[in-house]
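Survey of secondary and tertiary structure
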Amino acid sequence: MNNLLIVNYVINGKDVVFTINPKDSLLKVLRDNGYTEVHNGCQTGDCGACVVILNGRTVNSCMVLAASAKDGEILTVKALGDIHNPHPIQRAFAESGAVQCGFCTPGQILSTYALLLENHDPDEKDIRRALDGNICRCTGYVKILEAVKLAGRLMKEAEHV
Amino acid sequence: MSEKFTNAGHSHSKIDSIALACGNEKYTDDFMTDTPLHIAFLYSDIANGIISSIDYKAAEQADGVKLILYHGNTPDTLHTTAGQGYPEPSPYDCRMFDKKVRFVGDRIAAVVADTYKQAEAALKLIKVEIEQLPALFDIEKAIDAGSPVIHSDDEYPAIPVTYKPEENIAAEIVTGFGDLEKGFKQADLIIDETYSMQYASHCATEPHAVSVHFDERGRLVIITATQVPYHVRRIVSIVCGIEIKNIRVIKPRVGGGFGGKQEVFLEQVAALAAWRLKRSIKIVLSRKEVFISARTRHAMRSRIKMGVQKDGTITALDVDDLMNAGAYAPHALTVLSNAGAKVLPLFNKIENLRFSGRSVYTNLPVGGAYRGYGATQGYFALNQHIDEAARYCGEDFCEYVKKRHIKSGETSRVFEALGEGKEGVRQFIKSCGLTECIDRGAKAIEWEKLRGKKLRNGNRIRGVGAAVAMQGSGIPEIDMASCHIKMNEDGSFNLNTGATDIGTGSDTILAQIAAEALKTDYSKMIVLSSDTDTTPFDTGAYASSTTYITGNAVKQCALKVYDLILKAASEMLGADKNELKVEDSKVSSRDGRTVEYGEICAFRLYTSGQLQIQASSSFVAHESPPPFTAQFADLEVDIETGEIILNRIAAAVDCGHPLNPLLAEGQVEGAVLNGISYALTEDYIFNSNGRMTNPDLGRYKIFNTVDTPEIITILADTYEDTGPYGAKSVGEIALNGPAPAIANAVYDAVGIRLRHTPFTPEKVWKLLNEQ
Ligand code: FES
Ligand code: FES
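The rules behind each value
For every chain, the first residue of its written sequence is number 1, and the numbers climb from 1 along that sequence. Here every chain gets a letter starting at A, and every ligand a number starting at 1, in the order they are written. Thresholds applied to this predicted model are a pLDDT of at least 70 for local features of residues and 80 or more for the giving and counting of side-chain atom pairs; totals over whole chains, interfaces and linings are not thresholded and use all residues. Calculation of side-chain values draws on the structure's entire complement of heavy atoms; hydrogens and water are dropped beforehand. Numbering of helices and strands runs from the N terminus, with a helix taken as a DSSP run of H or I at least four residues long and a strand as a DSSP run of E at least two residues long. The reference for a compact globule is 2.2 Å times residues^0.38; the radius of gyration itself is calculated from the C-alpha atoms. Type-normalised accessible area, obtained with a 1.4 Å probe on protein chains alone, sets the label of each residue: buried when under 20%, exposed when over 50%, and partly exposed for intermediate values. Any two residues whose heavy atoms approach within 4.5 Å are treated as being in contact. Lys and Arg are tallied as positive, Asp and Glu as negative. Neither His nor the chain termini are counted. A charged residue contributes its charge at one atom only: NZ of Lys, CZ of Arg, CG of Asp or CD of Glu. Orientation is described by lines fitted to C-alpha atoms, with helices fitted over the stretch in contact, and by angles between N-to-C directions that extend from 0 to 180 degrees. Comment on the angle field: the value is read as roughly parallel under 35 degrees, roughly antiparallel over 145, roughly perpendicular from 65 to 115, and oblique elsewhere. Here a crossing is taken to be left-handed if its near helix is turned anticlockwise relative to the far helix by less than a right angle, and right-handed if that turn runs clockwise. Polar here means any residue outside two lists: the nonpolar Ala, Val, Leu, Ile, Met, Phe, Trp, Tyr, Cys and Pro, and the charged Asp, Glu, Lys and Arg; Gly therefore counts as polar. Throughout, buried area stands for the accessible area (probe radius 1.4 Å) lost by two parts on being put together, summed over both. Here, a salt bridge means any side-chain nitrogen of Lys or Arg that lies within 4 Å of a carboxyl oxygen of Asp or Glu. We define a polar contact as two N or O atoms separated by no more than 3.5 Å, with the added condition that, inside protein, one atom must be a possible hydrogen donor and the other a possible acceptor, whereas residues neighbouring each other in sequence contribute only through side-chain atom pairs. Here a cavity denotes grid points, spaced 1 Å and computed from the protein atoms alone, that fit a 1.4 Å probe unable to get out, and a pocket denotes an open set having protein on both sides within 12 Å along at least 5 of 7 lines; residues with an atom within 4 Å of a point are the lining. Grid points are joined across faces, edges and corners, and a volume is the space filled by probe spheres set on the points. Between any two strands, pairing holds if DSSP finds at least two bridges. Throughout this description, the term nonpolar core refers to a set of buried Ala, Val, Leu, Ile, Met, Phe, Trp, Tyr and Cys residues connected via side-chain atoms within 4.5 Å. Source of the domain bounds: an automatic or database domain assignment. UniProt positions are given in the numbering used here, feature names are shortened, and annotations may be inferred rather than shown by experiment.

- An unreviewed UniProt entry lists chain B under the name Molybdopterin-dependent oxidoreductase, with Candidatus Thalassospirochaeta sargassi as the source organism.

- Per an unreviewed UniProt entry, chain A goes by the name (2Fe-2S)-binding protein and belongs to Candidatus Thalassospirochaeta sargassi.

Encoded structure:
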């Protein structure tokens, strides 16, 4: 308890300072500080429910030490859009029926975001590979794959205007 | 069909989906109560034994520790953790903590501390001595005379059913009709084979969690990831001795259930700790704890003896099931009975039939409710037998089934003989789209082109196989659902229901049903579900009941409200009720005057005949119309490695008139994939001490995007007159198809019968090389 650390992050565009236990995972620190949209499905790196974007790359936040991510730029699903102004990926997931229980959804959406930033026109194989770390027990992935394709189209359209 | 309706039958995204996609919605662990205490459990690593001493002095003194719970200081009320109708059909065979441990993962004690880390650290300071007893891991051995008895402490059934704990038998069923012996004599061929299915975890992505706090007036508020909020309230009350009036159970968003959260095993511990300490409490299980200590799919061994004549007639069917209940027996009777009740009516022309089954206590993890609920196990065996029978008489599987499956207007004697752990309810099938499912599924998978062709591609040989199944829609004459609807002065409505949306979309479906009856749009419904203070009773999300049972309650209730709206409108317009036309939230008279729903509500709230336009309804079903499915697998078998490469699976489902095709498809797709990975990879690997050696999602393999084959979903076009706007259930049925369809396809490709799941490459390779 005595060797607590003070660390800085930029989370969803906002500077924050947290006091953390150096042994804690980034997942724990985020959740303890109210970022409960980052979900805890296994804590062993096997499910992808805890995915965030750290310095431009998707990571399983349960496998990252919070201390090692200090000064990092972190995006959670809330960085993309909110209920009043959802991001095209969020809209695409909702409209395609890709959200059932929704527990895997923030992770799926962030993996999709990372994919679509690099590749606006991914084929089915690209999508499957980009999302292979995000387990979903509800959907059988059918509608998730459709959502990613739709999101790609929506983002392309948005760029053209 | 959907043209007739403005809401029912239309695809809409779930009403909570955009909020979920934005990360706004809250699950149990997301609620921030003021500094809750945390609980860590001490689990037994011994499969069978008696606790001779517990020394927790050191733990009690440890940093942050507030309380230690164990058998010596907790109520010893015998109960079942099964969230079922009351009194439950599952035996009362467990205590919150017991002097005996009965499986690796059984709970010995709980430490309550300021932080989880402190609680976890204190676990190591508890010294437990356990007098080890011989353990039983094999179901056949468990029922041998002279085997050690797992339950010998006053356990009892809450309803009059066969329960023989002294023989390790948790449930027993024997039923049937006709004359088996005569039937077998008439047969030209007797197919007698034994099948088995393995343990499995639900793997809902959200692990079990509960968060308890006190409200301003000192009542206990239990926020919990449950499928059964009302059963939670009752069981907590009984086990902890806290009055119902002091308990409020809230179900927030739930990250999947699949039966796993139909079980009440954390809430009573959290509630008791909170009640004693007058503090908030939180429990969140780790994935490992879910695997080893939560509930599982019952492993089952099924022996089927079937007499067949050359023309394909089945002259006799004798089914003998032996089910592994595990260390306690929640759902042990009802899952077992469903392995017959939901399976055997499908081929209803069989005149001589017997179904016998036993659920057996062992020192392995506890079985429970799991999507498919025994039907999955039953259909795995039956479909392979049917495939063999069809081949024997030279008929195509599809044609064979179409000729012999139950049809509209028909009944089966099994419905009456076998229900949920007791006699069943006689019913005639009103809608059956199984033939349509078979035809459309076969077409989608190119059955004619591929069946029996054994197309070869290097080491791979291709085959197609099919399977059929039915399920039910709720539990007739037992389960009840209710709801309340009130109208607001902008024409919106509050729909409060105890039905429990755990990601299935039932909030949305129920809004669509209500809106249909109210002639408004589903977006006008504000749905609140599952809070025992504010929403009326519902048995919960299980047995494929919500669409049908709660759906009927909602429809009835909405029609009552609709009637009140018409009455008010007729007064406002000075026109007879019967002459009014209602469309799109507006009522108009023949002379063209119109009042809007909002105005009508305001008229009643503020102006004349003042009252709140509102109604409530309860519904109990008198039948349980089955949905049907036909599923087809297209795969290749690598004869060098034994690997099964699944190309496509087609699932055609008759769920009546699908109220929301998008969500119905989603139910089918999720269940199909669960069925596929159960058939191919999911398994509990136990060591010789009964310990699960793969309790993580790395080694317990469920499918990801790359593993998943193409899934083709087809919804048949039928209409169930007794259902709300033609609907039947869809939640469970699709899990019953993949394993037998894959097994039948493997036979089609390479001529081996896979009678034991999971179909690992090793198993396939071995059978191929025995040929
Ligand atoms: S919680 Fe991090 S991968 Fe599962
Ligand atoms: S929607 Fe439930 S796990 Fe993906």
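Structural notes on the overall build of chain B
- Within chain B, the secondary structure is distributed over 20 helices and 27 strands.
- Its C-alpha atoms give chain B a radius of gyration of 27 Å, within 12% of the compact-globule value 28 Å for 771 residues.
- Reported as C-alpha extents along the three principal axes, the dimensions of chain B are approximately 85 × 75 × 50 Å.
- The burial tally for chain B puts 66% of its 771 residues in the buried class.
- Taking as baseline every contact in chain B between residues at least 6 positions apart, the subset at least 24 positions apart corresponds to 80%.
- Computed over 82 positive and 99 negative side-chain charges, the inter-centroid distance for chain B is 0 Å.

Some details on the packing of helix α6 (residues 229–240) of chain B against helix α7 (residues 267–277) of chain B
Residues and elements named next belong to chain B.
- In contact at an axis separation of 9 Å, α6 and α7 are set at 55° when each is read in the N-to-C sense. Classified by the angle between their axes, α6 and α7 sit oblique to one another. Our pair here, α6 against α7, has a crossing hand that is right-handed. Residues V232, I235, V236, V239 and C240 of α6 form the contact with α7, whose participating residues are E267, Q268, A271 and L272.
- Classifying every residue of the contact of α6 with α7 gives seven nonpolar, one polar and one charged.

Looking at the interface of chain A and chain B
- Listed as interface residues are 47 residues of chain A and, on the opposing side, 50 residues of chain B.
- When the buried area of chain A at its contact with chain B is split by residue, A:Q100, A:R128 and A:R137 rank highest and sum to 20% of it.
- Where chain A packs against chain B, one counts six salt bridges.
- B:K117 is paired through a salt bridge with A:D24; the nearest N and O atoms lie 2.5 Å apart.
- Counting across the chain A and chain B interface gives 24 residue pairs in polar contact (both at pLDDT 80 or more).
- Elements supplying a minimum of two residues to the side of chain A that touches chain B: α1 (26–32), α2 (88–95), α3 (105–118), α4 (124–130) and α5 (142–160) of chain A.
- Here the side of chain A that touches chain B is built from residues that sort into 18 nonpolar, 15 polar and 14 charged.

Looking at empty space enclosed by the protein
- Within the structure shown, the criterion is met by ten cavities of 30 Å³ or more.
- Considering the residues around the largest cavity, the lining is formed by 21 residues, among which B:R95, B:M96, B:D106, B:R107 and B:R295 are closest to the centre.
- Computed from the structure, the second largest cavity encloses a volume of approximately 90 Å³.
- Lining the second largest cavity are A:R31, A:N40, A:F103, B:Y27, B:D29, B:D30, B:E206, B:P207, B:A209 and B:V284.
- Within the lining of the second largest cavity, the residues separate by chemical class into five nonpolar, one polar and four charged.

Some remarks on the sheet that holds strand β19 (residues 493–497) of chain B
Residues and elements named next belong to chain B.
- Within the open sheet, the four strands sit side by side as β20-β19-β18-β24. Their pairing is mixed. Strand pairing shows two members of the sheet lacking a second neighbour, β20 (525–529) and β24 (614–620), which therefore form its edges. Here the strands of the sheet are splayed against their neighbours by 20° on average, with no regard to which way each runs.
- The sheet contact formed by strand β18 (residues 480–487) and β19 spans five bridges and is antiparallel. Along β19, the bridge assignment pairs H484 with N496.
- Sitting on the sheet, helix α16 (residues 546–573) touches β18, β19 and β24, and the angle it makes with β24 is about 150°.

Points about the nonpolar core
- Ranked by internal contacts, the top residues of the largest apolar core, which has 211 residues, are B:F41, B:I281, B:F632, B:I742 and B:F759.
- In terms of domain composition, this core takes at least three residues from each of domain 1 (5–77) and domain 2 (88–158) of chain A.
- Excluding anything up to four places from it in sequence, B:I742 contacts B:A633, B:L635, B:I644, B:L646, B:A679, B:L680 and B:F759.
- Of all hydrophobic cores here, the second largest spans 44 residues; its members include B:I485, B:L518, B:L573 and B:Y597.

Re the domain arrangement of chain A
All names here are of chain A.
- Entries for chain A in the domain assignment read domain 1 (5–77) and domain 2 (88–158).
- Placing a centre on the C-alpha atoms of domain 1 and another on those of domain 2 gives a separation of 22 Å.
- Between domain 1 and domain 2, the contact holds 15 residues from the first and 13 residues from the second.
- Together, the buried faces of domain 1 and domain 2 total about 1,000 Å²; carbon and sulfur atoms form 67% of this surface.
- When the area that domain 1 buries against domain 2 is broken down by residue, the three leading residues are H39, V51 and V77, summing to 42%.

Observations concerning the UniProt feature "domain: Aldehyde oxidase/xanthine dehydrogenase a/b hammerhead" (unreviewed entry) in chain B
- In this numbering, the UniProt entry assigns the feature "domain: Aldehyde oxidase/xanthine dehydrogenase a/b hammerhead" (unreviewed entry) to residues 22–134 of chain B.
- Helix and strand shares over residues 22–134 of chain B are 12% and 31% respectively, and the end C-alpha atoms of the span are 53 Å apart.

Describing the environment of A:L117
- Here A:L117 lies in helix α3.
- Taking C-alpha positions, A:L117 is 22 Å from A:Y9, a pair spaced 108 residues apart along the chain.

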